[in-house]
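# Examination of the molecular architecture
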Amino acid sequence: NHDNIQRQYIMYVPASYSSANPVPLVFCFHGYGSSANVNFNYTNFKGIADTAGFILVHPHGTLHQGTPHWNVGGWTLGSTTDDVGFTNALIDSISNHYTINSERIYSTGMSNGGYMSFLLACQLSNRIAAVASVTGSMTPQTYNACNPQHPTPILQIHGTADGTVPYNGNFSWSKSINDVLQYWSSYNNCNPSPITTNLPDINQFDGSTVQHLVFSGGDNGTTTEHFKVNGGDHDWPGVFGNMDMNASIEVWKFFSKYD
């Protein structure tokens, strides 16, 4: 119960969990109009949690004009839900019942859930080690009021042909992916020029290819990274859309490097 609203979430605790050992905590936020359950099923972080030993949480958004959402500004302006406060309270609640490594709390999500992850990096960074956005971005409201407290590793996975969250942004509600990468690589004090690697085009029938851009050399060893899916749409790579990479595996691989 947060702000007198009954909130819901799915939590997955791997069989290997022991209260004697602090474990990482990974949040995964669903897209606009989606649900915790749908997101839990297709991202399949469960299988990765079993191997890597982190506790996984899929929160569920409140209704805004009848649609499950995360209050990130932009197209959700007018929402009164305090999702940052909810996440903060959720970290407290879970930490009271499980032995969480407070230095290793991460957030990822699809679309609106990616925007939410950036909002946490901006407004709850004292608790969030690193974030990854899949097909999300930053709203102007998040971007203009961003106040991170520490160098924050950022991973952005995005298709150049995304018809829902445009790669080049939209003046009124979404920053371009280049703006986002520039903001974080500059804040983290990374090299301004990325090292670019082409991923093997394993599936030649998915209509897209992937480049991995790494802005390295940031403070505290941080990087700002981007999987640029050339020709990719509003997809979770490895599940639907691009099949040259698995977004969930890459997200955890990224998180696992940072505290």
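Residues numbered from 1 in each chain as written. Predicted model: local features only at pLDDT ≥ 70, side-chain atom pairs only at ≥ 80, totals over all residues. Heavy atoms only, no water.

Bringing the side chain of Asp206 into the picture now. Mapped onto the elements, Asp206 comes out in the loop between strand 9 (195–198) and strand 10 (209–215). It is Lys228 that comes nearest to the buried, bridge-free Asp206 among opposite-charge side chains, at 16 Å. Once residues within four sequence positions are removed from consideration, Asp206 is found in contact with Asp201, Gly241, Asn242, Met243 and Asp244. (Helix = DSSP H or I, 4+ residues; strand = E, 2+ residues; numbered from the N terminus. Buried < 20%, exposed > 50% of the residue type's maximum accessible area, 1.4 Å probe, protein only. Lys, Arg positive; Asp, Glu negative; His and termini not counted. Salt bridge = Lys/Arg side-chain N within 4 Å of Asp/Glu carboxyl O. Contact = heavy atoms within 4.5 Å.)

Using the criterion set out here, one finds one disulfide in the structure. Linked covalently through their sulfurs, Cys122 and Cys146 form a disulfide whose S-S length is 2.1 Å. The S-S bond linking Cys122 to Cys146 shows a torsion near -90°; that makes this disulfide left-handed. Taken as a pair, Cys122 in helix 4 (residues 112–123) and Cys146 in the loop between helix 5 (140–144) and strand 8 (154–159) lie far apart in primary sequence, 24 residues in all. The exposure class of Cys146 is buried, given its relative accessible area of 15%. Cys28 forms no disulfide, and the closest cysteine sulfur to it belongs to Cys122, at a distance of 18 Å. There is no disulfide at Cys190, and the cysteine sulfur nearest it, in Cys146, is 14 Å away. Among the residues examined, Cys190 registers a relative accessible area of 10% and is labelled buried. (Disulfide = S-S within 2.5 Å.)

In this model helix 3 (residues 83–97) runs 21 Å from its N-terminal to its C-terminal C-alpha over 15 residues, within 8% of the 21 Å that 1.5 Å per residue would give. If you check which residues of helix 3 are buried, you get Asp83, Val84, Gly85, Phe86, Thr87, Leu90, Ile91 and Ile94. Its buried side turned inward, helix 3 meets strand 1 (9–12), strand 2 (23–29), strand 3 (55–59), strand 5 (67–69), strand 6 (100–110) and helix 4. Measuring from the side-chain oxygen of the N-cap residue of helix 3 to the backbone nitrogen of Val84 gives 3.5 Å; that N-cap residue is Asp82. (Expected span 1.5 Å × (residues − 1). Polar contact = N/O pair within 3.5 Å; in protein donor to acceptor, adjacent residues only side chain to side chain.)

All of the buried residues in helix 2 (residues 45–52) are Phe45, Ile48 and Ala49. The buried residues of helix 2 occupy one face: seen down the axis, they fall within an arc of 105°. On the buried face of helix 2, the contacting elements are strand 1, strand 2, helix 1 (36–43), strand 3, strand 6 and helix 7 (247–255). (Arc of directions from axis to C-beta.)

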